[in-house]
Amino acid sequence: MIQDVNHPIIETHQLRRRYGRGEAAMDGLAGVDLTIRRGELVALMGPSGSGKSTLMQILGLLDRPTSGSYYLDGTDVSRLTTAEQAELRGRRLGFVFQGIYLLPRLNAIRNVELPMVYARFPASERKHRAADSLSRVGLAELANRRPNQLSGGQAQRVAIARAVAPGPDLLLADEPTGALDRASGREVLSLFQHLNDDMGLTIVVVTHDPLVGRHARRIVELEDGHVISDNIVNEAERIVADHPLEVVK
Amino acid sequence: MNAFSIALDSIWAHRLRSALTSLGIVIGVFAVVTLTSLGSGVRSYVSGQFGSFGATLITVAPALPHASSHKPRFGGGPNNNFINVPSTLTVGDATAISLAHSRDISQVAPVAVLPVTVSPTSGSSSGLAATGTTASYFRAEQLSFAAGRFTHSGAVLGSSAMHTLFPRVKDPIGRTIYVGQSPLPVTGVLNSASGLLSKAANNTIFVYVSTGLKISDLHNISEILVAASGNTQVNGAGSVITRVMKRRHPSGNFTVTKDTQILKTINNTLSTITTFLSGLAAISLLVGGIGIMNIMLVTVTERFREIGIRKALGARDSDILVQFLAESVLLSLLGGAIGVLLSALASHMIGQLAGFSAGLTLDAVALAVGFSLLVGIVFGVIPAFRAARLMPAEALRTE
Ligand SMILES: Nc1ncnc2c1ncn2[C@@H]1O[C@H](COP(=O)(O)OP(=O)(O)OP(=O)(O)O)[C@@H](O)[C@H]1O
Ligand SMILES: [Mg+2]
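Description of the structure in this document.

So, how was this worked out
- Residues numbered from 1 in each chain as written.
- Chains lettered and ligands numbered in written order.
- Predicted model: local features only at pLDDT ≥ 70, side-chain atom pairs only at ≥ 80, totals over all residues.
- Heavy atoms only, no water.
- Helix = DSSP H or I, 4+ residues; strand = E, 2+ residues; numbered from the N terminus.
- Buried < 20%, exposed > 50% of the residue type's maximum accessible area, 1.4 Å probe, protein only.
- Contact = heavy atoms within 4.5 Å.
- Areas by Shrake-Rupley, 256 points an atom, 1.4 Å probe, with all protein chains shown as cover.
- Near = heavy atom within 4 Å.
- Polar contact = N/O pair within 3.5 Å; in protein donor to acceptor, adjacent residues only side chain to side chain.
- Pairing = 2+ DSSP bridges.
- Axes fitted to C-alpha atoms, helices over the stretch in contact; angles between N-to-C directions.
- Buried area = accessible area lost by both parts, 1.4 Å probe.
- Salt bridge = Lys/Arg side-chain N within 4 Å of Asp/Glu carboxyl O.
- Nonpolar A, V, L, I, M, F, W, Y, C, P; charged D, E, K, R; others polar.
- Parallel < 35°, antiparallel > 145°, perpendicular 65-115°, else oblique.
- Left-handed = near helix turned anticlockwise from the far one by under 90°.
- Core = buried A, V, L, I, M, F, W, Y, C linked by side-chain atoms within 4.5 Å.

1. Re the overall build of chain A
Then, number 1: What chain A contains, in helices and strands, is 9 helices and 10 strands.
Then, number 2: Counting all 249 residues of chain A, 54% fall into the buried class.
Then, number 3: Within chain A, contacts between residues at least 6 apart in sequence are counted, and of these 71% link residues at least 24 apart.
Then, number 4: Accessible surface, chain A: about 11,200 Å² in total, of which carbon and sulfur atoms supply 50%.

2. Things to note about the site of ligand 1
Then, number 1: As a structural note, the neighbourhood of ligand 1 is formed by 15 residues, with Ser48(A), Gly49(A), Lys52(A), Ser53(A) and Thr54(A) the closest of them.
Then, number 2: The environment around ligand 1 is built from residues contributed by chains A and B.
Then, number 3: At a separation of 2.8 Å, an oxygen atom of ligand 1 approaches a polar backbone atom of Gly49(A).
Then, number 4: Gly51(A) has a polar backbone atom sitting 3.0 Å from an oxygen atom of ligand 1.
Then, number 5: For ligand 1, whose accessible area on its own is 630 Å², the fraction buried by protein is 68%.

3. Notes on the sheet that holds strand 9 (residues 218-223) of chain A
Residue and element names in this part refer to chain A.
Then, number 1: Reading across from one edge, 6-7-8-3-9-10 is the order of the 6 strands in this open sheet, with mixed pairing throughout. Only two strands of the sheet have a single partner each, and these edge strands are strand 6 (93-96) and strand 10 (226-232). Put simply, the sheet's adjacent strands are angled 15 degrees from each other on average, direction ignored.
Then, number 2: In the sheet, strand 3 (residues 41-45) pairs with strand 9 via 4 bridges, with the strands oriented parallel. By the bridge assignment for strand 9, Met45 is matched with Glu221.
Then, number 3: Running over the sheet, helix 6 (residues 182-199) touches strand 3, strand 7 (170-174) and strand 8 (202-206) and is turned about 160 degrees from strand 8.

4. As for the pairing of strand 6 of chain A
All names here are of chain A.
Then, number 1: In strand 6, alternate side chains face the same way, and those of Leu93 and Phe95 on one face and Gly94 and Val96 on the other are all buried.
Then, number 2: With 4 bridges connecting them, strand 6 and strand 7 associate as parallel partners. Opposite Gly94, over in strand 7, you have Leu171 as the bridge partner.

5. Focus on the interface of chain B and chain A
Then, number 1: Of the residues lining the interface, 23 residues belong to chain B; the matching set on chain A comes to 29 residues.
Then, number 2: Interface area, chain B with chain A, both sides summed: about 2,500 Å², of which 58% is carbon and sulfur.
Then, number 3: Where chain B touches chain A, the interface holds 1 salt bridge.
Then, number 4: Note that Asp319(B) and Arg120(A) form a salt bridge whose closest N and O atoms lie 2.9 Å from each other.
Then, number 5: Applying the counting rule to chain B against chain A returns 4 residue pairs in polar contact (both at pLDDT 80 or more).
Then, number 6: Among the secondary structure elements, those contributing two or more residues to the side of chain B that touches chain A are helix 1 (3-13), helix 9 (304-312), helix 10 (317-354) and helix 12 (392-397) of chain B.
Then, number 7: Considering every element that reaches the side of chain B that touches chain A, the biggest residue donor is helix 9 of chain B, with 6 residues.
Then, number 8: Per-class residue counts for the side of chain B that touches chain A are 12 nonpolar, 2 polar and 9 charged.

6. Here's the deal with helix 1 (residues 52-59) of chain A
All names here are of chain A.
Then, number 1: Across the 8 residues that make up helix 1, a large majority, 7, are buried.
Then, number 2: What helix 1 keeps buried is the set Lys52, Thr54, Leu55, Met56, Gln57, Ile58 and Leu59.
Then, number 3: Looking one or two residues beyond helix 1, the residue adopting positive phi is Leu61, at roughly 60 degrees.

7. Focus on the environment of Thr131(B)
Then, number 1: Among the secondary structure elements, Thr131(B) is positioned in strand 4 (residues 129-133).
Then, number 2: Sequence spacing of Thr131(B) and Ser222(B) is 91 residues, and the spatial spacing of their C-alpha atoms is 9.6 Å.

8. Focus on the sheet that holds strand 2 (residues 26-36) of chain A
Residues and elements named next belong to chain A.
Then, number 1: An order of 2-1-4-5 is seen for the 4 strands of this open sheet, with the pairing classed as antiparallel. Taken across any chain shown, the strands that pair with only one partner, and hence form the sheet edges, are strand 2 and strand 5 (75-76).
Then, number 2: Bridge count between strand 1 (residues 10-19) and strand 2: 8 bridges; the pairing is antiparallel. Residue pairing across strands places Arg17 opposite Leu29, the latter belonging to strand 2.

9. Observations regarding the packing of helix 3 (residues 91-99) of chain B against helix 7 (residues 234-248) of chain B
Working note: a packed helix pair is described by the angle between its axes plus the distance between those axes.
Residues and elements named next belong to chain B.
Then, number 1: Where helix 3 meets helix 7, the closest approach of the two axes is 9 Å, and the angle between their N-to-C directions is 135 degrees. Classified by the angle their axes make, helix 3 and helix 7 are oblique. Relative to helix 7, the crossing made by helix 3 is right-handed. Facing Gly92, Asp93, Ala96 and Ile97 of helix 3, the residues of helix 7 in contact are Ile241, Val244, Met245 and Arg248.
Then, number 2: Partitioned by chemical class, the residues of the contact of helix 3 with helix 7 number 5 nonpolar, 1 polar and 2 charged.

10. Some details on the pattern of salt bridges
All names here are of chain A.
Then, number 1: Using the criterion set out here, one finds 20 salt bridges over all chains in the structure.
Then, number 2: For Glu113, the salt bridge is made with Lys127, and the minimal N-O distance between the two is 3.9 Å. With Glu113 in helix 3 (residues 108-118) and Lys127 in helix 4 (residues 123-136), the pair connects residues that are 14 residues apart, well separated along the chain.
Then, number 3: Under the relative-accessibility criterion, Lys127 is labelled partly exposed at 45%.
Then, number 4: Connected through salt bridges with shared partners, the residues Arg38, Asp73, Arg92 and Asp169 form a single ionic network.

11. Regarding the nonpolar core
Then, number 1: In this structure, Ile97(B), Ile177(B), Ile205(B) and Ile241(B) are the most contacted members of the largest nonpolar core, which totals 58 residues.
Then, number 2: Leaving out residues up to four positions away in the same chain, Ile205(B) has contacts with Val118(B), Ala129(B), Ala130(B), Thr131(B), Ala155(B), Val156(B), Leu157(B), Ala161(B), Leu165(B), Ile177(B) and Val179(B).
Then, number 3: Counting 51 residues, the second largest nonpolar core, distinct from the first, contains Leu55(A), Tyr101(A), Leu170(A) and Val220(A).

Structure follows, in structure tokens:
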């Protein structure tokens, strides 16, 4: 894909996801219009059940909208074959799940390599990128550990390393800090900020933590499947958020 | 890290599940291969037994009064006669057949099963059978003498008969035995016969046909044994016999049975048995297959989450399919190989015990392994195919 800065990396129109049928049917998403440009770091917030995960799954090509359209980097996703979608998931998108979805049988480095296996990266590049990515999250020395030998925070960092190793354009993280204590959560969030600053990676992150939300440059709030607010965070607030210890003082 | 190493890894990670899956295949393959191998082992053993005669023997017997079809000389030999059939065959018939001087006929022997007791002392019984015949009989049945020879006035003992009559005697030649009321000298002892049909000779004592008929006060013989001069002469010999016999017995109250017919009958019977055994084996294969299917179905459901993660990380539907396919194929082949090994062992052991070689037949191995592969693939891949087609979110949602 041509890196055309003029069209947004994400553009949705009246995105709707209906769960169930008949009487029991309910809208997880009830018509979401959202545009996200390259290089943005967007925090997606909202109460439980507001549709955050539903939206992330659709944006990450893990689920299909019931109606509405989704243009990913200018491409109408509904026109893609399943193989093309798989290719996009492997090369262009990184997904960090709510909960930690590492494969228990594979050690950290092999978990990180997995998307690149499916994206048919040459073995040498795959290994090199996996090692790089693991050291970027500060876990180079734990490369051979199995997920059950890692702490929750370490495992989540492995998952992040896995998501960014292939060099995606868009990182989608659904409550990456949900299972972590405050300190590990902050670490993960500042990691995102570095990825965003240094590599220009576009990131959408779901979070409940209002303070964590301030790492973002933009906060989108969902409720009952609708976007109810969409704010750019001003620079002053962010500088404060960049130094949370000073805030605590 | 290709599909096969992913598969191997997964097989090893779930050792118990893998073992259970393979067990179904092991049992199925073992049953099919062992049963069919035994079937064909028995068949070739029986054919081999006939082969040692060259399947050249022809039997002329009285027609059964109620059935005109020939009766196979099943497990027969001289003492398997049709005593209850009123026989009209005579020594003269046998002589007439030899006097036809056909090139197709090498031996003609009248056989009279004698309804008398045999014992080393007068008035007791050993349970042995006595047969009246001529020297041609031994040549036709390929029976050889361990000692002595066949004479018009003496008796020849089968190897087991000798041990029954004279348990501790090394050389019974010259001793007297009582056939009915008549004392006869032992003039010869036969070597032990191992052929399926000639085995009966081991438990028989032989006397000259006219002597035997006189002792038993009989006029008719039980059957006439004819040896054709070769495998290709059997039919020619058969028609000579039929022509001679027709002339002497215009009523046609006799039957002419060739060993080849018996061989055919036995072969047919054995084929039926083999088919039956294979049917049983197929059922166990099916049961094994259902076992595999169940485990695979459970497995895939269990592994929806894994499938979801892999798909979310960019695995194509085909990647997932290939992974599960590889796993199924590996498991099936593993189970198949173990099954074949076990049945090789079993066939060998049974063969040793039963005294014939029951080699594995290639078809059985191919069939069983092919079937287990098919089952493994079908039941391993169809559920995986279902899972692979789900959107990752759905797969991840499944618990
Ligand atoms: N598979 C499903 N079937 C039926 N309803 C669903 C399903 N997934 C989500 N929902 C419903 O859709 C709505 C949105 O769910 P979603 O998971 O997107 O919420 P969320 O904002 O991520 O909440 P949380 O913060 O608790 O993770 C909820 O009301 C939920 O009950
Ligand atoms: Mg959620």
